[in-house]
Every structure is written in C-alpha cells, then in structure tokens.
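Structural characterization, general
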Amino acid sequence: MPELNLTSAPAHLRHGSNIGQPLTRRDGILKVTGRATYAADNHPQGMLFAVMAVSTTARGRVVSLDVAAAKRHPGVVDVMTPDHKPQLAIDPEIKTNPFVFRMEVLQSDEVRYANQPIAVVIAETLEAATEGAALLAPRYETLPPLVGLDAGESFAPPVVGVGNPAESHHGDVEAGLAAADKQIDATYETPPQYHNAMEPHSIVAAWNGDNLQIDMPTQGLALSLARVAELFGIAHEKIHIRSPFLGGGFGSKGLMAGPQVLGVMAAKLVGKPVKLVLRREQMYGPVGHRAPTRQRLRIGADAEGRLTALDHHARTVSSTFDDFFEPAAGASHTLYAAPAIRTSHDAVRVNTGTPLFMRAPGEATGSIALESAIDEMAFACGMDPLAFRLKNYAEVEPMTGRPFSSKALRACYEQGAARFGWAKRPLQPRQMRDDAGLLVGWGMGTATFPALMFQAEARAAIRRDGSGVMEIGAHDMGQGAWTALAQIAADAVGLDIDRLDFKSGTSDLPDAGIAGGSAHTATAGAAIHSAGAAVIGKLADLATSDERSPLFGAGNAGVIARDGRLIRRDDESRSESYAEILARAGLAEIEARGTGAANPAAMEQYAMHAHGAVFAEVKVDPELGQVRLTRMVGAFAAGRIVNPRMVQSQLFGGMIWGLSFALHEEAVTDRRSGRIMNANLGEYHIPVNADVPPLDVITVEEHDPHVNALGIKGVGEIGITGSAGAVANAVWHATGVRVRRFPIRIEELLTQG
Amino acid sequence: MKQFDYVRPATITEAVAAAAQPGAVFLAAGTNLLDLMKGGVSRPDRLVDVTHLDGLDGIETLADGSLRIGALVSNADLAHDAEFARSYPAVAEALLSGASAQLRNAATVGGNLLQRTRCAYFYDTASRCNKRTPGSGCDAREGENRSHAVLGWSESCIATHPSDFCVPLVALDAIVEIEGRGGRREIALDELHRLPGDAPERDTVLEPGDLIVAVRLPPAARGFAAHARYLKVRERTSYAFAVVSAASALRIENGRIAEARLGLGGVAAKPWRARAAEDALKGVAPTADAFQEAARRALEGAKPSGDNAFKIELARRIVVRALTLAAAGTPARIPALPASPFASTSGAIHA
Ligand SMILES: Cc1cc2nc3c(=O)[nH]c(=O)nc-3n(C[C@H](O)[C@H](O)[C@H](O)COP(=O)(O)OP(=O)(O)OC[C@H]3O[C@@H](n4cnc5c(N)ncnc54)[C@H](O)[C@@H]3O)c2cc1C
Ligand code: SF4
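Please read all numbers here as calculations on a predicted model, not as lab measurements. (Residues numbered from 1 in each chain as written. Chains lettered and ligands numbered in written order. Predicted model: local features only at pLDDT ≥ 70, side-chain atom pairs only at ≥ 80, totals over all residues. Heavy atoms only, no water.)

**Overview of the site of ligand 1**
Residue and element names in this part refer to chain B. We apply this condition: The near set for a molecule or strand comprises every residue that places at least one heavy atom within 4 Å of it. Residues adjacent in sequence count toward polar contacts only when both atoms are side-chain atoms; beyond that, a polar contact is any pair of N or O atoms within 3.5 Å, and within protein one must be able to donate a hydrogen and the other to accept it. For every accessible area listed, the method is Shrake-Rupley and the probe measures 1.4 Å; residues are considered covered only by the protein chains on display. Only DSSP runs of H or I with at least four residues qualify as helices, and only runs of E with at least two residues qualify as strands; both kinds are numbered from the N terminus onward.
Around ligand 1, 31 residues are found, and the nearest of them are Phe26, Gly30, Thr31, Thr108 and Asp164. Between leucine 33 and ligand 1, the recorded distance is 2.8 Å, taken from a backbone N or O atom to an oxygen atom. A distance of 3.4 Å is found between an oxygen atom of ligand 1 and a backbone nitrogen or oxygen belonging to asparagine 112. Out of a free accessible area of 970 Å², ligand 1 has 93% covered by protein chains. No other element matches helix α7 (residues 109-113), which puts three residues into the shell around ligand 1.

Next comes the structure, spelled out in structure tokens:
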C-alpha cells in the first residue's frame with residue numbers, strides 16, 4: 001500500500017481552530033479516483049484465490065464432498081475441509097472473552113445454519129476457485145431446521161446485548177396499569193436484517209515464516225489481532241493488520257469473523273498469500289445480522305395524559321450455538337418519565353448464524369416499537385404526539401433517577417417541530433390529501449442513543465521541523481475518521497491540520513479500541529487530545545526551564561500552543577516555535593502518549609445520552625397502498641460537533657436507515673429450509689435515491705462537561721432511532737391503518753379504498 | 001465458474017447454427033444471463049454472443065406505418081428515442097420504470113423479452129424447481145410466494161414473467177420476428193411466452209437456435225398515443241420489479257372508447273392481455289363504472305397461488321387507475337418517476 005496521500009484541497013482553508021470546521025473528507029479524492037486501497041485491492045506476489053463453499057442446509061451434517069472433482073478442475077490448487085486444514089492453537093468453540101463469538105472454521109462436519117462455510121477451495125484464479133466450490137456437490141444429513149420467533153421453548157437469557165440485564169424494573173407496573181385511565185397493549189414485529197455493507201468481508205493473508213500480514217476491513221484492529229494471535233498461537237508482534245478504509249461495517253466487521261480466519265488458514269495451508277472475499281449472498285450467515293423481534297408494549301396513562309406505567313417485553317432469537325440477544329426493550333429505559341417501568345426479554349434458538357450488533361443494536365428495534373406505542377398512547381389520550389412526549393419528558397433518567405450529563409431534547413423538539421411545521425398537524429388520521437389526491441401523514445419519533453466510551457491510546461510527537469505526528473490505530477468505516485480525528489489531533493498539538501502527519505488504520509499503531517457503539521470519535525478523540533496535551537506539556541517543560549528561551553520562567557503563568565508556537569499565556573509577545581525549542585535542545589523529536597476512557601465517577605453520577613427528534617411526512621396512494629417519504633426533519637443534540645459536514649452525513653445515513661427499517665428492509669426466510677430467499681441487493685430492499693427526499697438535519701447546540709474532556713457524544717447510530725418510528729407513525733396518520741409488523745407492506749394498506 | 005465456449009458469429013445464419021447446438025445459448029447484454037450463470041442456475045456449455053451482429057440495432061418506420069425495433073437496441077436508447085416515446089408513450093414509460101439506469105443502458109430489447117422469472121426458488125439451486133429442473137417439484141407452491149402468479153398458473157409452477165416492457169407491447173399487439181433453422185418467421189408477442197401447464201421449463205415457444213431479430217409494432221399501435229399509460233406498483237419508488245403493473249391504451253372518439261387495450265404485468269408467467277376487459281370497454285364512455293367493470297373482467301378467473309390474494313384486489317385497482325390515467329390523456333413529458341403512483345407529485349428529477 002502506498003503512503004496515503006490525503007488531500008489538502010482549498011476546502012480545507014480556514015481560519016481558527018480545526019475542531020468544528022466542516023472539512024471535506026481528506027480521503028475523498030483518493031476514493032473517487034479509485035486510489036484508496038481497500039483490503040481486496042491488495043495483490044501480493046504469488047497470491048491465490050480462495051472461495052468458500054457454504055451450506056445449503058440449515059441444520060445437519062455434511063456427509064460427503066467431492067473433493068476429487070474440485071481438485072481435478074484446472075487451476076484448483078487445494079481444497080480445505082475439516083479433514084484437511086491447518087491445526088488451530090485453540091478450539092474455536094472456546095469463548096476466551098465476552099467479545100469472542102463462536103465461528104465455523106471447519107472444526108467439524110456439523111451444519112448450524114444455511115450459508116455456513118463447509119469447505120474452502122483455493123485456486124490460481126477466482127473463476128477456478130468458484131467452479132471448484134460448485135463441484136464439491138456436498139451431500140447432507142438434514143434435520144428440520146428451527147426457524148422463526150416461535151421455533152421452540154422460549155427462555156429468559158441471562159444477559160442481553162453486551163452484558164445488560166435481561167430484566168429491569170422500577171416502580172410497580174401492574175399497579176400503574178391498573179390505575180391508568182387509558183391503556184394500550186400492542187405487539188410489534190421486526191424482521192431479521194443484514195448489515196449489507198457495500199464492501200463485502202474480505203481478507204488478503206500472507207504468511208512469511210510465522211509472521212503474518214493481513215489486509216482486512218475491521219472495526220476493531222486490536223481485538224482482531226488478539227483473536228488471530230490466540231487462534232494461530234503466535235505472538236502479537238508477529239501480526240500486522242492493515243485496514244485503512246472500510247466500505248462500511250455497521251457492526252458486522254467489529255470482530256474477527258469465521259470467513260476471515262478461513263482466509264488465514266488457507267494461506268497457511270498452501271504456503272502462499274491468499275485472498276478470500278465473500279460473495280454478497282455469503283454475507284447472510286457467518287458475519288452477523290440483526291435478529292427479528294416481537295415486542296409487546298403495555299402502557300397506561302392518567303386522565304391528563306401522564307404515563308402511569310410502561311411495560312416493554314421483547315422476544316428475540318439467537319443461534320443454537322452462541323448467545324447474542326437483541327436488547328430491544330432497553331429502548332424504554334431512558335426516554336419517558338413513567339413512574340413504573342419494566343423491561344424484559346425472552347428468546348428462542350434458531351438455525352441462523354449468531355445475530356450480532358447491527359447499527360443501533362436494540363435501540364433501533366426497540367425504538368420503532370416504543371415510538372409507535374407512544375404514538376398510539378398519545379392518540380388514545382386525545383393528545384398531539386409532541387405534546388404527549390413533552391408531558392412525559394424525563395427530567396432525570398427514569399429508571400435510575402440520575403440527572404442527565406446534558407440533555408437538549410426539548411430544544412430538539414422545538415427546533416425540529418418549527419422547521420417541519422408540526423403545529424398544523426390535525427390530530428385525527430386520514431385528514432390530509434395533496435393536490436393529486438394522495439393521502440398525506442405526519443409522524444414523529446424521539447431519538448436516543450447512549451454516549452459511550454471505550455478505551456484508546458494515542459502517541460503524539462513533535463518533530464524538529466515543527467511538524468507533528470499523531471498515531472492511533474483508528475478505523476475509518478466511511479464515517480470520516482481520517483478527517484475528524486485529524487482535526488482533533490491538529491488542535492491537540494496546536495498545529496494546522498496540514499502540518500500534522502496523522503497515522504491511522506494499522507495494527508502497529510496504538511490501540512484505538514473498537515469503532516462501535518457510536519463511541520469512536522469520543523474515545524479515540526479523547527486519547528488523541530490527551531496525547532497532544534502530554535507532548536505539548538513536555539515541550540513546554542523544555543522551553544520554560546531553559547534560560548535561553550523567551551518562555552523561560554513562564555511556569556506559573558503557563559503557555560498555550562497555537563500555530564506551531566508556544567506562547568506565554570500572560571504575555572503573547574513572548575513565544576517560541578516548536579522547531580526552535582527542539583533545535584536548541586538538540587532533539588529530533590519529542591513524543592508522549594495519552595489515553596482515552598470513560599470517567600467512572602462521572603458515569604456513576606450522570607446518565608449520558610444523545611437525543612433527537614425526527615419528524616416525517618409520507619404520502620400514500622389511497623387505493624394502491626404504495627408509500628413514499630416526502631419530507632423528514634431531524635434535530636439532534638449530541639454534544640460537541642467535531643465536523644458538521646460529516647456529522648450531517650452520519651445523521652442523514654441514520655435517518656435513511658430508519659426509513660429503510662420502516663418501509664423496506666427484511667430478510668425473507670423460507671420457513672421450511674431456513675434459507676434466506678432474498679440474499680442479494682436486488683431483492684433485499686433498501687431505499688434508492690428516488691425513495692429519499694431532501695432531508696433536513698439540525699444539530700442542536702449542546703455542551704456536555706461530563707461525558708469526556710472534549711464533550712463529544714456519538715452520532716453514528718442515533719439517526720436510525722426515532723426516524724423509523726416517525727415514518728411508521730406518519731403512515732398511520734396518512735391512512736388510519738396501524739401496521740405493527742415491519743417493514744410496512746402494500747397489502748396491509750389495501751384494506752380501505 | 002463453469003468453463004464454457006464463447007463464440008462471436010459474424011452473421012445471423014452462423015449465430016442460429018451455433019445456438020442450435022445442445023447446451024448453447026445466446027448472450028446479449030448478459031444482465032440476466034450472467035447473473036444466472038454466476039448463481040449456477042444456468043450452466044451453458046457455449047455462449048453465442050450476438051451483440052456484434054450487424055443490422056440488429058436500428059429503429060425504423062416501415063412503409064405501412066409499422067415500427068421495427070432491432071433486437072439489440074438498448075432499453076435506454078429505445079425509451080429515449082423522442083419519436084418512439086411520442087408514438088408509444090406507454091412503452092417508453094414501462095421501459096423507464098424498469099431496473100436502473102445502468103441496467104437499461106446495457107439491456108437489449110431481445111434480452112428483455114426473454115429474461116427469466118425472478119422466482120426466488122428458481123434462483124436458489126438448493127430448492128426444488130420444475131422450471132430449472134423439470135419434474136423436481138415446486139418449492140414456491142408452499143413457500144414464500146406473496147409475489148407469485150394469480151392468473152394462468154398451474155400446480156407445477158406459479159412463477160411470473162417480470163418484464164415491464166412486454167406489458168404495453170402485448171397490449172399493442174407487438175409482433176416478434178424470429179430467425180430460426182427454418183428461416184424467418186414471426187409470431188405475436190402474446191404467443192411467445194407460454195403458461196406453465198405441466199412443462200414450466202419451457203418459458204417460450206422458441207426452438208433451439210431461434211434468434212429474435214426484431215420486435216414490430218403494427219400501424220394501429222400509434223393510434224393510442226394520446227391516451228396511453230403504464231402504471232407499476234412496487235416496493236420502493238424505483239429499482240424494483242412490479243408487484244403488479246398495468247398498461248392501458250385507449251382510442252377515444254367523440255367521448256366514447258372506440259378501442260381499448262389492457263395488459264397486466266406481475267400476475268402470470270406471461271405478459272397478460274386482458275381481452276375480456278377490452279371488449280367491455282368498446283363503445284362505452286370512459287367512466288369510473290366502466291373501468292370498474294373492466295377491472296372485474298380482467299381479473300375473472302384469478303386465484304391466489306399462495307400468500308398473494310392481495311394481488312388480485314391490487315390488480316383490479318391498478319386497472320381502474322391505469323384506465324383513468326389513460327383517459328385523462330398522455331402527459332406531455334414522461335414523468336420523472338415513470339409509471340409510479342407518485343408520478344404527478346414527485347418533485348424528483350430522476351428515478
Ligand atoms: C437488479 C435487476 C433489476 C431489474 N429490474 C427490472 C425491472 O424492474 N423491470 C424489468 O422489466 N426488468 C428488470 N430487470 C431485467 C432486465 O430488464 C433484463 O435483465 C434485461 O432486459 C435482459 O437483457 P440482456 O440484453 O441483458 O439479456 P441477456 O441477459 O443477455 O439475455 C437474457 C436471455 O435472453 C436470451 N436472449 C437475449 N437476446 C436474445 C435474442 N435476440 N434472441 C434470442 N434470445 C435472446 C439469452 O439467451 C438469455 O436467455 C432487472 C435486472 C436486474 C439485474
Ligand atoms: S414457481 Fe416455477 S419457477 Fe418458482 S419454484 Fe416453482 S417451478 Fe420453479
């Protein structure tokens with residue numbers, strides 16, 4: 001991979017600080033000109049192509065593979081099977097830590113779900129490997145698969161999501177419901193969904209002795225490296241992973257997936273570099289998905305429209321061999337001030353790949369159900385949905401009573417509603433038509449997502465020529481880390497962004513934690529900030545303790561770093577450049593490290609969440625049932641906005657995802673075979689350009705002194721929450737038909753003429 | 001991928017001879033065929049690439065007023081031919097409502113006619129499918145079949161033909177010109193596609209080696225230009241196959257329908273010509289009642305093949321709407337969202 005040549009286009013010219021500027025992506029030109037090297041673009045000398053054969057049965061055993069036929073095919077080099085593969089150092093079934101999920105790496109002939117890898121064909125060309133895989137003609141012993149939300153006995157999982165309790169309550173829900181004037185009891189269903197990142201999972205693996213070079217898109221360099229090290233029994237230092245760009249991940253590239261391990265195994269087996277890229281349909285199985293849910297909400301309100309109780313139960317599924325439980329009911333913990341709240345989960349096991357985090361895991365599924373139910377409750381109380389939400393505004397976190405570290409949701413409601421023109425909304429549904437006679441409906445939803453922090457480390461250096469270096473193994477999934485983190489870095493070392501060498505995206509750099517939980521900018525940003533402060537501190541010590549420096553003796557008054565100079569805080573006429581300080585000290589470079597992590601004391605004391613309000617307008621053909629979104633306004637408060645342009649893109653993306661959730665996305669599973677029948681982008685529908693009207697995003701000013709030193713919350717996932725419900729509620733408002741099974745389908749809206 | 005021969009014949013005669021061999025198929029733009037080959041659904045031994053044949057990419061008006069469209073004309077070029085769009089607006093609208101701009105740029109007229117069903121079980125080689133493997137069974141029958149046929153299906157196959165283009169073509173009495181081993185012949189488009197019966201593996205009446213060289217619209221087809229629409233209900237605003245679609249074309253004289261044409265898409269294994277509905281409209285005023293009656297007749301005999309009863313009612317409503325739109329007159333420009341129920345209000349600049 002060549003050195004990254006990140007641009008400094010005129011769009012970067014600016015005055016003042018770096019943080020807060022709407023810089024365009026520094027890697028944008030590389031990407032639009034095709035020069036950004038994604039993992040599968042690497043072709044080391046002598047590289048072979050590996051193609052997985054995947055199971056067509058969802059449950060059973062592979063009883064035969066025609067390896068001989070595959071090997072006879074011209075160009076096929078080897079076929080990796082459970083009987084012919086490199087030995088792993090540990091059993092992949094062992095969960096060595098909570099972030100390790102079981103994977104299928106040919107450890108047995110058992111089949112646990114459709115599309116599970118059952119063999120890997122390695123060949124000189126992609127075509128030969130593909131045909132070799134087809135020639136394997138597997139035969140199976142098949143058992144009836146477990147499919148769907150009623151596949152078997154349900155059970156209460158010990159935890160949901162990542163270590164959250166499956167049941168929580170506060171107050172007496174049954175008493176609250178009994179005392180209510182108005183009640184609703186409604187059940188909503190959400191389908192299985194697949195991440196479908198544009199870039200498929202891929203890996204190029206090359207062994208050199210016991211050194212291992214990997215090109216692979218990952219949202220978690222350090223976690224992936226540790227997993228590879230333990231599976232192959234090699235030291236961390238022997239492994240180098242490059243992941244400068246991801247073509248999206250959405251959670252499915254967070255952890256080392258089975259197919260990527262197979263790529264490393266294949267390279268070991270044949271003693272040559274190997275590339276393995278999943279085909280689109282192969283992404284519907286071994287790399288995670290969003291589990292389906294069935295959610296029952298029981299809500300009570302008093303005569304004034306004040307909530308008396310909120311009971312949210314979610315049924316979900318996990319695989320037959322591992323645990324990930326979509327924490328859907330957790331969405332009811334933070335938004336509405338009910339005196340009694342109970343959330344609970346149960347699950348059944350089915351023959352799928354293990355579900356996993358998918359953009360806003362739990363929050364997205366839970367939000368569409370909760371926001372629909374709140375809409376239903378508001379209507380039952382005869383109240384405007386916004387007035388109802390304001391009446392039940394949570395001044396403190398309802399479940400815990402903790403104050404919020406910051407919460408500008410009221411401003412989100414106000415600004416979003418004003419921009420949208422919400423005040424003119426009729427209370428009753430099916431009241432509005434446009435000139436062409438189409439039904440028009442307006443709906444809203446509240447958005448929320450926790451402000452999380454993981455752990456990260458960064459290394460900062462100032463060089464003798466006065467330029468800076470910031471190193472952190474961070475991940476650019478397309479969200480703009482190359483730009484936003486560099487902006488934070490530039491400010492951290494008091495340099496213009498073009499004077500800073502920002503290094504990222506490889507495993508030999510300090511661990512940036514995982515790019516997930518909408519926490520990457522906050523976590524990596526905090527590490528960068530503290531590394532920058534530390535290196536500037538060292539530089540200041542050098543200067544202020546040297547009597548030859550104009551800053552000598554500034555100790556108590558202090559210095560500030562700006563534009564490559566240290567400046568005496570109480571006398572700006574006295575300053576010295578970084579280069580001068582280092583030259584005098586005879587140093588080529590000065591460096592320091594810094595870390596970023598959550599502050600446990602603050603977390604104890606405060607509830608930390610980003611918030612937003614989304615307003616949607618849909619039009620529905622009254623006879624034909626086709627729905628189209630025509631307007632959407634989202635107002636979000638998410639702490640400090642590092643780069644408004646990139647934040648807006650993230651929020652647009654989230655809102656479109658919400659639209660997709662309400663109207664389009666669904667993996668259709670054949671209930672007899674357990675196979676997914678629309679595992680391609682032609683039939684697994686997501687919105688296309690014609691489905692997306694101009695969107696309007698407002699970022700509401702919010703200063704949060706508690707979440708982290710920079711006041712950053714996340715924006716990666718919140719856009720989905722609220723939006724999906726807003727669209728669904730708008731469909732109800734347009735038609736008077738409440739659809740509780742998502743995505744909303746044409747046939748459900750055909751009932752009235 | 002399975003290895004196959006690739007031949008590029010110089011003449012139509014050579015092409016026909018090459019494709020008449022067992023295991024040979026024609027390759028046009030490949031937007032359907034190559035997908036099927038990559039999925040292992042089609043495993044031909046030989047591809048006969050017809051895209052370099054001369055004389056198949058023209059659009060010409062014949063002396064009698066017919067229009068002859070070469071089989072290699074791209075879907076996009078045809079739809080964007082201003083004269084064509086003026087004379088056969090419903091056909092242009094149908095073309096533009098199909099697939100995506102990129103696919104339309106590549107896809108050919110001949111390939112569009114002969115594209116295969118989108119039945120998911122046909123694509124999934126692990127499923128039983130009588131169309132793919134004769135006699136193996138039909139997994140769609142008890143499976144995920146909300147988009148399957150409601151007209152003309154049989155127990156052996158409930159698949160639909162997915163083309164939008166074919167729907168107004170069949171309504172306008174299009175004729176298919178074929179070059180085969182026995183020389184040139186022509187058939188009505190309505191006779192090209194077969195209903196499944198007990199041989200769903202045969203999509204069409206074509207014989208091995210038969211090459212579609214052109215599609216012809218007879219002189220009368222121009223007579224509907226003032227009142228012709230295509231309407232397509234789908235699961236997103238663009239880039240989706242029809243759940244149900246309809247092409248309607250009226251000749252209105254002195255406030256009465258002199259002649260009506262009606263085709264339905266997404267309902268059967270062939271583009272469905274609704275002649276009984278056309279007859280009911282002949283000579284009557286274009287009223288809502290008349291359109292309701294036509295819709296009733298168009299769907300007479302329809303029955304669900306699975307989870308798709310809604311398509312019957314939806315088809316009736318689409319017929320009424322398509323006729324209503326046609327009666328109101330062909331718009332001066334093809335809407336930015338062609339064939340969409342949102343055509344009139346889109347504000348969009350493209351689909
Ligand atoms: C994602 C996607 C979405 C789509 N959406 C739509 C849609 O909404 N509406 C719609 O109508 N279509 C849609 N299509 C289908 C598209 O219209 C067809 O793929 C296309 O028209 C086929 O034309 P082609 O030239 O690529 O044919 P090819 O793929 O080359 O050939 C298709 C078949 O026709 C045969 N053939 C081709 N030309 C001739 C000839 N001259 N004589 C005899 N046999 C011939 C081939 O042997 C092959 O069997 C979609 C396709 C895709 C991939
Ligand atoms: S409906 Fe037809 S194409 Fe679909 S599985 Fe059945 S036989 Fe095959």
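**Some details on a nonpolar patch on the surface**
Residue and element names in this part refer to chain A. Rules: Patch membership requires more than 30% relative accessible area and the absence of a salt bridge. Residues of like charge join within 9 Å; the nonpolar side chains Val, Leu, Ile, Met, Phe, Trp and Tyr join within 5 Å. By convention in these notes, a salt bridge is any Lys or Arg side-chain nitrogen within 4 Å of a carboxyl oxygen on Asp or Glu. Partly exposed describes any residue whose relative accessible area lies between the buried limit of under 20% and the exposed limit of over 50%, with all areas from a 1.4 Å probe on protein chains only and scaled to the type maximum.
On the surface, Phe99, Val162 and Leu223 cluster together into a nonpolar patch covering about 220 Å² of accessible area. Mapped onto the elements of the fold, valine 162 is located in the loop between β7 (159-160) and β8 (164-165). A relative accessible area of 45% places valine 162 in the partly exposed class.

**Observations concerning the pairing of strand β16 (residues 307-319) of chain A**
All names here are of chain A. Applied cut-off: Two strands make a pair as long as DSSP finds a minimum of two bridges between them.
Among the 13 residues of β16, 12 are classified as buried, and the element is accordingly described as predominantly covered. Where strand β15 (residues 293-301) lies against β16, nine bridges are found, and the strand directions are antiparallel. By the bridge assignment for β16, alanine 301 is matched with leucine 307. Here β15 folds back onto β16, and the loop between the two strands holds five residues, one of which, glycine 305, carries a positive phi near 85 degrees. Strand direction decides the pairing type here: β16 and strand β17 (residues 341-350), joined by 10 bridges, are parallel. Its bridge partner being in β17, leucine 310 is matched across the sheet by isoleucine 341.

**Details of the interface of chain A and chain B**
Just so we agree on the cut-off: Contacts: residue pairs with any heavy atoms within 4.5 Å of one another. Simply put, the buried area is the total loss of 1.4 Å probe accessible area from both parts when two parts are fitted together.
Facing the 41 residues of chain A at the interface are 41 residues of chain B. Of the roughly 3,500 Å² buried at the junction of chain A and chain B (both faces included), carbon and sulfur atoms supply 53%. Among the residues chain A hides against chain B, the three largest losses belong to A:Leu624, A:Gln626 and A:Arg628. Together they make up 19% of the total. Linking chain A with chain B are seven salt bridges.

**Some remarks on the site of ligand 2**
The condition is simple: Classification used: nonpolar for Ala, Val, Leu, Ile, Met, Phe, Trp, Tyr, Cys and Pro, charged for Asp, Glu, Lys and Arg, polar for all others including Gly.
By nearness alone, 13 residues border ligand 2, and B:Cys119, B:Cys129, B:Cys138, B:Cys157 and B:Ile158 come closest of all. When its residues are assigned to classes, the shell around ligand 2 shows nine nonpolar, two polar and two charged.

**Side note on the nonpolar core**
Residue and element names in this part refer to chain A. The cut-off we apply is this: For this analysis, a nonpolar core means a set of buried residues of the types Ala, Val, Leu, Ile, Met, Phe, Trp, Tyr and Cys, connected via side-chain atoms within 4.5 Å.
If you look at the biggest cluster of nonpolar residues, it comprises 85 residues, and the most contacted ones within it are Ile299, Val618 and Met632. In contact with isoleucine 299, other than residues within four places in its own chain, are Leu177, Lys182, Gln183, Ile184, Leu307, Ala309, Leu310, Ala373, Ile374 and Met377. In terms of nonpolar packing, the next biggest core, distinct from the first, is built from 51 residues, Ala456, Ala458, Met470 and Ala490 among them.

**Quick word on the confidence of the model for chain B**
Residue and element names in this part refer to chain B. This is how the line gets drawn: Confidence scores per residue from the predictor, reported as pLDDT, run from 0 to 100.
Predicted confidence across chain B gives a mean pLDDT of 96, with 98% of residues reaching 70 or more. Scored below 50 in pLDDT, residues 346-350 shows 11 contacts in the model against residues more than four places distant or in partner chains. Under the prediction, the complex receives an ipTM of 0.96, its pTM being 0.97.

**Some remarks on the packing of helix α11 (residues 520-544) of chain A against helix α12 (residues 578-585) of chain A**
Residue and element names in this part refer to chain A. Using the following cut-off: Every axis corresponds to a line fitted to the C-alpha atoms, with the helix fit spanning only the stretch in contact, and the corresponding angles, defined between N-to-C directions, vary from 0 to 180 degrees. When an angle is under 35 degrees it counts as roughly parallel; over 145 it counts as roughly antiparallel; between 65 and 115 it counts as roughly perpendicular; any other value is oblique. Each crossing gets its hand from how the near helix is turned against the far one by less than a right angle, where anticlockwise is left-handed and clockwise is right-handed.
Interhelical geometry of α11 versus α12 gives an angle of 60 degrees and a closest axis separation of 10 Å. With respect to each other, α11 and α12 are oriented oblique. The interaxial crossing formed by α11 with α12 has left-handed handedness. Touching Ile536, Leu539, Leu542 and Ala543 of α11 are Tyr578, Ile581, Leu582 and Ala585, all from α12.

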